[in-house]
Every structure is written in structure tokens, then in C-alpha cells.
Amino acid sequence: MAVGRPVITTRHGGIPELVDDGVSGLLADEGDAARIASAIERLADDPALRSRLVIVARARVEQDFDLARIGGRLRGRYRSLAARHRAHPRAAAAATALAG
């Protein structure tokens, strides 16, 4: 998806959270060889579909999986958790006990 290729994949684990069937790629159930073959034929026969899938997929990757954005969100969450931890009286006492 990130390199601008149409995706055909299976419904496994978190894949359907990233790939919307017919929107950002084509999905098939695991072991469904007929559906995978059909998806390959569909992409081969429909250049407009290939183009649409590639555009949406690339945008999804840029929006949801950009390393700088993810890192920034994670830093913000950790800072928020650390601030809450420091503000909690028992946490401050535990940290003091561990340090000394």
C-alpha cells in the first residue's frame, strides 16, 4: 500500500482494519483460492479500480501509519501518563521509596 501497489489480502488478524474491501484493497477469506483468483482477475481487467485502490491505500498509510505522527502520539500519551503518575500521591511515595 505504501509503495503504490494494489493489495489483495486475506481477512486475518488486524488486516481488515487497514484494508477496506473494494476501497483500499481487495479482501478474501483465508484459504479462499477462488476469491483470490477472482480478485486478481478483477484488478487485471479494471485499471480504474486499480488506480482508485492505490490512491486510497496510499492516503490511508500516510494518514494512519506515518512514523513521525505515531511517534508524536505515543510521546503525548506517555507524557500524559507520566504526569498523572507524578500527580498521584501513592505513586510519588513509591518513586521516592525506590529512589532512596
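Student: I'd love a proper account of the overall build of the protein, names of residues and values included.
Tutor: If you tally the helices and strands in the protein, you get five helices and two strands. In the protein, the succession of α and β elements from N to C terminus is β-α-β-α-α-α-α. Evaluated residue by residue, the protein yields a buried proportion of 19% over its 100 residues. Pairs at least 24 residues apart make up 37% of the contacts formed inside the protein by residues separated by at least 6 positions. Of the accessible surface of the protein, which amounts to about 7100 Å², a share of 57% is contributed by carbon and sulfur atoms.

Student: Quick one: what's the story with the pattern of salt bridges, residue by residue and with numbers?
Tutor: A complete count under the given rule lists five salt bridges for this structure. Salt-bridge contacts for R11 lead to D21; the nearest nitrogen and oxygen are separated by 3.8 Å. Placement of the pair is R11 in the loop between β1 (8–10) and α1 (15–18) and D21 in the loop between α1 and β2 (26–28), with a sequence separation of ten residues. The exposure class assigned to R11 is partly exposed, which follows from its relative accessible area of 37%. The partly exposed category is assigned to D21, whose relative accessible area is 35%. Across the salt bridge formed by D20 and R60, the nearest N and O atoms sit 2.9 Å from each other. Here R60 lies in helix α3 (residues 47–64) and D20 lies in the loop between α1 and β2, a separation of 40 residues in the sequence.

Student: Would you mind going over the packing of α3 against helix α4 (residues 67–87) in detail, with residue names and values included?
Tutor: Where α3 meets α4, the axes come as close as 6 Å, and the angle between the chain directions of the two elements is 35°. The residues of α4 that touch α3, namely those facing E62, Q63 and D64, are R69, I70 and R73.

Student: Lay out the nonpolar core with the relevant residues and their values.
Tutor: M1, V7, V19, L27, A57 and V61 form the largest nonpolar core, which has six residues in total. Once residues lying within four places of it in the same chain are set aside, the contact partners of A57 are M1 and S24.

Student: Describe the side chain of S24, and please don't skip the residues or the numbers.
Tutor: In this structure, S24 sits in the loop between α1 and β2. Residue classification places S24 among the buried residues on the basis of a relative accessible area of 0%. Polar contacts involving the side chain of S24 include one to the main-chain carbonyl oxygen of L18, which spans 3.4 Å. Setting aside its immediate chain neighbours within four residues, S24 contacts M1, L18, V19, L53, V56, A57 and R60.

Student: Describe the side chain of T9, naming the residues involved and giving the relevant values.
Tutor: For T9, the location among the structural elements is in strand β1. Relative accessible area serves as the criterion here: at 18%, T9 is assigned to the buried category. Setting aside residues up to four positions removed in sequence, T9 forms contacts with I15, V19, L26, L27 and A28.

Parameters and conventions
- Residues numbered from 1 in each chain as written.
- Predicted model: local features only at pLDDT ≥ 70, side-chain atom pairs only at ≥ 80, totals over all residues.
- Heavy atoms only, no water.
- Helix = DSSP H or I, 4+ residues; strand = E, 2+ residues; numbered from the N terminus.
- Buried < 20%, exposed > 50% of the residue type's maximum accessible area, 1.4 Å probe, protein only.
- Contact = heavy atoms within 4.5 Å.
- Areas by Shrake-Rupley, 256 points an atom, 1.4 Å probe, with all protein chains shown as cover.
- Salt bridge = Lys/Arg side-chain N within 4 Å of Asp/Glu carboxyl O.
- Axes fitted to C-alpha atoms, helices over the stretch in contact; angles between N-to-C directions.
- Core = buried A, V, L, I, M, F, W, Y, C linked by side-chain atoms within 4.5 Å.
- Polar contact = N/O pair within 3.5 Å; in protein donor to acceptor, adjacent residues only side chain to side chain.

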